[in-house]
Amino acid sequence: MERKTTSRRRGEALEQAILDAVWDEFREVGFSKLTMEGVAKRAGTSKPVLYRRWSSPVELMIACAASRVPKAESVPDTGTLRGDTIALLTLAHERMRIVGQTAMLSMLAQVSVDPEARKVLIEGIVNNLSKALSGTVYARAIARGELAEEHLTERLARLPIDLMRNEFILFGHVDAEAIEEMLDQVILPALRARGATV
């Protein structure tokens with residue numbers, strides 16, 4: 001493994017270089033062999049620099065995965081809430097598949113006993129995906145008149161992502177048919193029950 005020669009980096013540039021190194025290291029050695037030392041070498045930095053931001057390889061991997069979740073601006077506007085939600089869940093599944101079921105299970109096991117790792121997971125992954133839903137997909141639907149803010153509850157707003165994550169963790173794959181079933185059998189009926197016209 002070669003140490004990258006880089007100019008002195010700070011702030012966002014340094015953080016992105018580290019997260020890129022985490023991703024490359026993860027793809028080469030796997031989650032179980034991911035170490036702070038290996039990431040530091042690959043990023044051309046030191047372990048103390050990593051420990052100032054993350055306390056463990058698990059937190060590093062969660063931050064790395066969070067940096068790769070679909071951003072709000074990446075969700076195409078299909079013209080309907082159903083279409084936009086399918087597009088977002090398809091993007092989310094692609095990212096989950098790349099990270100892999102085993103790594104996700106390992107991260108979830110760790111966050112169950114590590115409050116700091118749980119905070120990184122919630123802020124980085126859950127909140128980012130919720131922003132893509134609420135800030136983009138649901139906002140478009142409200143603008144179209146498909147639903148109103150009062151039709152959404154906090155739990156219902158996260159439901160698409162919760163269903164996708166649980167399906168992936170259980171089965172390791174979520175195909176297009178399963179995504180459509182989640183929408184047509186669970187999510188859209190729940191919204192209609194609260195008065196939405198989706």
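Owing to the predicted nature of the structure, the values given are computational and were not obtained by experimental measurement. (Residues numbered from 1 in each chain as written. Predicted model: local features only at pLDDT ≥ 70, side-chain atom pairs only at ≥ 80, totals over all residues. Heavy atoms only, no water.)

### Comments concerning the overall build of the protein
Looking only at helices and strands, the protein has nine helices and zero strands in total. If you line up the protein on its principal axes, its C-alpha atoms span 55 × 30 × 30 Å. Within the protein, buried positions represent 46% of all 198 residues. Counting only carbon and sulfur atoms, one obtains 51% of the accessible surface of the protein, whose full area is about 10,400 Å². Averaging the positions of the 27 positive and the 27 negative side-chain charges in the protein gives two centres separated by 8 Å. (Helix = DSSP H or I, 4+ residues; strand = E, 2+ residues; numbered from the N terminus. Buried < 20%, exposed > 50% of the residue type's maximum accessible area, 1.4 Å probe, protein only. Areas by Shrake-Rupley, 256 points an atom, 1.4 Å probe, with all protein chains shown as cover. Lys, Arg positive; Asp, Glu negative; His and termini not counted. Charge placed at Lys NZ, Arg CZ, Asp CG, Glu CD.)

### Details of the environment of K41
Positionally, K41 belongs in helix 2 (residues 36-43). Residue class for K41 comes out partly exposed when judged on its relative accessible area of 44%. For the pair K41 and A21, spaced 20 residues apart in sequence, the C-alpha separation works out to 8.7 Å.

### Notes on the pattern of salt bridges
The tally for this structure, following the rule as stated, stands at 13 salt bridges. When the shortest N-O distance is used, the salt bridge between D20 and R68 registers 3.5 Å. Of this pair, D20 sits in helix 1 (residues 11-29) while R68 sits in the loop between helix 4 (57-67) and helix 5 (81-99); the two residues are 48 residues apart in sequence, bridging distant segments of the chain. For D20, a relative accessible area of 29% puts it in the partly exposed group. (Salt bridge = Lys/Arg side-chain N within 4 Å of Asp/Glu carboxyl O.)

### Re the packing of helix 4 against helix 6 (residues 101-111)
One way to put it is that helix 4 packs onto helix 6 with a least axis distance of 10 Å and a crossing angle of 125 degrees. Judged by the angle between their axes, helix 4 and helix 6 are oblique. Considering the relative orientation of helix 4 and helix 6, their crossing is left-handed. Judged by residue contacts, V58, M61 and I62 of helix 4 engage M107, Q110 and V111 from helix 6. When grouped by side-chain class, the residues that make up the contact of helix 4 with helix 6 number five nonpolar, one polar and no charged. (Axes fitted to C-alpha atoms, helices over the stretch in contact; angles between N-to-C directions. Parallel < 35°, antiparallel > 145°, perpendicular 65-115°, else oblique. Left-handed = near helix turned anticlockwise from the far one by under 90°. Contact = heavy atoms within 4.5 Å. Nonpolar A, V, L, I, M, F, W, Y, C, P; charged D, E, K, R; others polar.)

By themselves these figures say nothing about function.
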